[in-house]
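Each chain, letter by letter, is given below.
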Amino acid sequence: MLTLMLSCYCFNIALALSVHPRSNSNVGLPNHSEVSRRDAMTHLSRSSSAADTTPPADAAASAGLANKLSKRDPAQLKNSVFNIPPGAQVYPEFLRGSWDVTMKYRGFLFPSTTIAKDKIVADVGIPGFQKLSIAQVGDVGREVTTYQMSVDPATGLEDRKVSLASSINSHLGYDAVREVLYDARENANRLSVDFVPQRTRNANRIELFCNARESELVPAESSASGRTVFVCSEYVRQVTFGLSQEFGVARQAVGNYAHFWTWRADEGGDKSTVTGNLLTAAYLDAQDPMFFDEPSKPVVVYSHDLVAKKRS
């Protein structure tokens, strides 16, 4: 019965990389089997048929983040090598203000062609497999989450203290964050989250280090949808400190992942609502035994749909 239920629950969708700057290329990802995280780990590890993860051909040359995402190819979401410290992300006019963001879980896929799915599923250190292993999306498989996002109208800088604390608490379903320490002007690439002691078993403190950022604004006349589109990315190394089984020794878990946001202005000119998508690509850490089998490409990609409504 359980196998039948899991089989019925499975559904095929393409990866939600739908930026589409105007081009002659109209190639998308092949379909991948995607299911709820809560049921998928065991189901996929036992599946006898592997998904087709062969990247599609694409004639368009890479020319920025929007073009990279429009290829709908997870192999394009390679991990970034840290070079020059990136500056803080500045958001365009249509995203400035205070918003209530509803995040809806869409699915995930395992794009690796070099590592078997059962090995990936067994690696609990991969970001997203445990709560709070991806700070921004504290419970990846939670079906619907609503949190607050605040972007300064004058500077275009996001108030990460508000946004991250709200997102973490909403994903957990209770208030667990004691304080978020972040100053974009002093150091835009480091952020600390302190949790209420004993409030959550997965983390006492989280340290986030941003290795790279990209962003691009695609004007309405240049996008296939006829809507202004803003895309941005952030490559993160997360260090999570929590309780361990050894007395007096803190548990330390390291994860590497990248977020890829796509935001679309309302085509009717309604400035009170914007829609979008968040892709999160999880990478293997250099200390992982499988690292050299997949050193730069993601081993898991999660997708969430976003609807933001301006707060009155």
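Residues numbered from 1 in each chain as written. Predicted model: local features only at pLDDT ≥ 70, side-chain atom pairs only at ≥ 80, totals over all residues. Heavy atoms only, no water.

1. What about the overall build of the protein?
Across its full length, the protein holds five helices and eleven strands. For the protein, the share of sequence-separated contacts (at least 6 apart) that also reach a separation of at least 24 residues comes to 67%. Of the roughly 15,000 Å² of accessible surface on the protein, 50% is carried by carbon and sulfur atoms. (Helix = DSSP H or I, 4+ residues; strand = E, 2+ residues; numbered from the N terminus. Contact = heavy atoms within 4.5 Å. Areas by Shrake-Rupley, 256 points an atom, 1.4 Å probe, with all protein chains shown as cover.)

2. Here we look at the pattern of salt bridges
All chains considered together, the criterion is met by ten salt bridges. For Arg106, the salt bridge is made with Asp305, and the minimal N-O distance between the two is 3.8 Å. You can see Arg106 sitting in strand S3 (residues 97-109) and its partner Asp305 sitting in strand S11 (residues 300-310), a full 199 residues away along the chain. The salt bridge involving Arg213 is made with Glu234; its shortest N-O contact spans 2.9 Å. Linking Arg213 in strand S7 (residues 205-218) with Glu234 in strand S8 (residues 229-243), this pair joins segments that are 21 residues apart in sequence. Accessibility expressed as a relative area gives 7% for Glu234, which makes it buried. Within the structure, one salt-bridge network assembled from shared partners comprises Glu158, Arg160, Arg213 and Glu234. (Salt bridge = Lys/Arg side-chain N within 4 Å of Asp/Glu carboxyl O. Buried < 20%, exposed > 50% of the residue type's maximum accessible area, 1.4 Å probe, protein only.)

3. Quick word on the pairing of S8
Counting buried positions along S8 gives 13 out of 15 residues, so the element sits mostly inside the fold. Direction of pairing for S7 relative to S8: antiparallel, over a ladder of 13 bridges. The residue of S8 that forms the bridge with Phe209 is Arg237. (Pairing = 2+ DSSP bridges.)

4. Remarks on helix H5 (residues 160-172)
For H5, with 13 residues, the first-to-last C-alpha span of 18 Å sits near the 18 Å given by 1.5 Å per residue. Buried within H5 we find Arg160, Ser163, Leu164, Ala165, Ser166, Ser167, Ile168, Asn169, Ser170, His171 and Leu172. Between the side-chain oxygen at the start of H5 and the backbone nitrogen of Lys161 there is a gap of 3.2 Å, and the oxygen is on Asp159. Just downstream of H5, Gly173 is the residue with a positive phi angle, here 90°. (Expected span 1.5 Å × (residues − 1). Polar contact = N/O pair within 3.5 Å; in protein donor to acceptor, adjacent residues only side chain to side chain.)

5. A short note on the nonpolar core
The biggest cluster of nonpolar side chains holds 55 residues, and the ones touching the most others in it are Val193, Phe195, Trp263 and Val300. Among the elements that make up this core, the one with the highest residue count is S3 (five residues). Residues in contact with Val193, not counting those within four places in the same chain, are Leu164, Ile168, Val177, Glu179, Val180, Asn204, Arg205 and Ile206. Counting 16 residues, the second largest nonpolar core, distinct from the first, contains Leu65, Ala66, Val231 and Val301. (Core = buried A, V, L, I, M, F, W, Y, C linked by side-chain atoms within 4.5 Å.)

6. Side note on the environment of Glu207
With respect to the element layout, Glu207 can be found in strand S7. Owing to a relative accessible area of 7%, Glu207 belongs among the buried residues under this scheme. Separated by 13 residues in the primary sequence, Glu207 and Asp194 place their C-alpha atoms 8.9 Å from one another. Side-chain polar atoms of Glu207 contact the side chain of Arg205, separated by 2.9 Å.

7. A few points about the packing of aromatic side chains
Here the structure, examined in full by the defined rule, presents five aromatic pairs. Centroid distance Phe108 to Phe110: 5.2 Å. Interplanar angle 55°. Geometry classified as tilted. Through successive ring pairs, a cluster of aromatic residues spans Phe108, Phe110 and Tyr302. Between Arg160 and the ring centre of Tyr182, over which it is positioned, the NZ or CZ distance is 5.9 Å. Positioned over the ring face of Phe241 is Arg205, at 4.2 Å from the centre of the ring. (Phe/Tyr/Trp six-rings, centres within 6.5 Å; stacked < 30°, edge-to-face > 60°. Lys NZ or Arg CZ within 6 Å of the ring centre and 35° of its normal.)

8. Some details on unusual backbone geometry
The phi dihedral of Arg72 falls on the positive side, at around 55°, and the residue is not glycine. Given the relative accessible area of 19%, Arg72 is considered buried. Not every positive phi belongs to a glycine, and Gln198 is a case in point at roughly 65°. Position of Gln198 among the secondary structure elements: in the loop between strand S6 (187-195) and S7. Residue Gln198 is classed as exposed on the basis of its relative accessible area of 66%.

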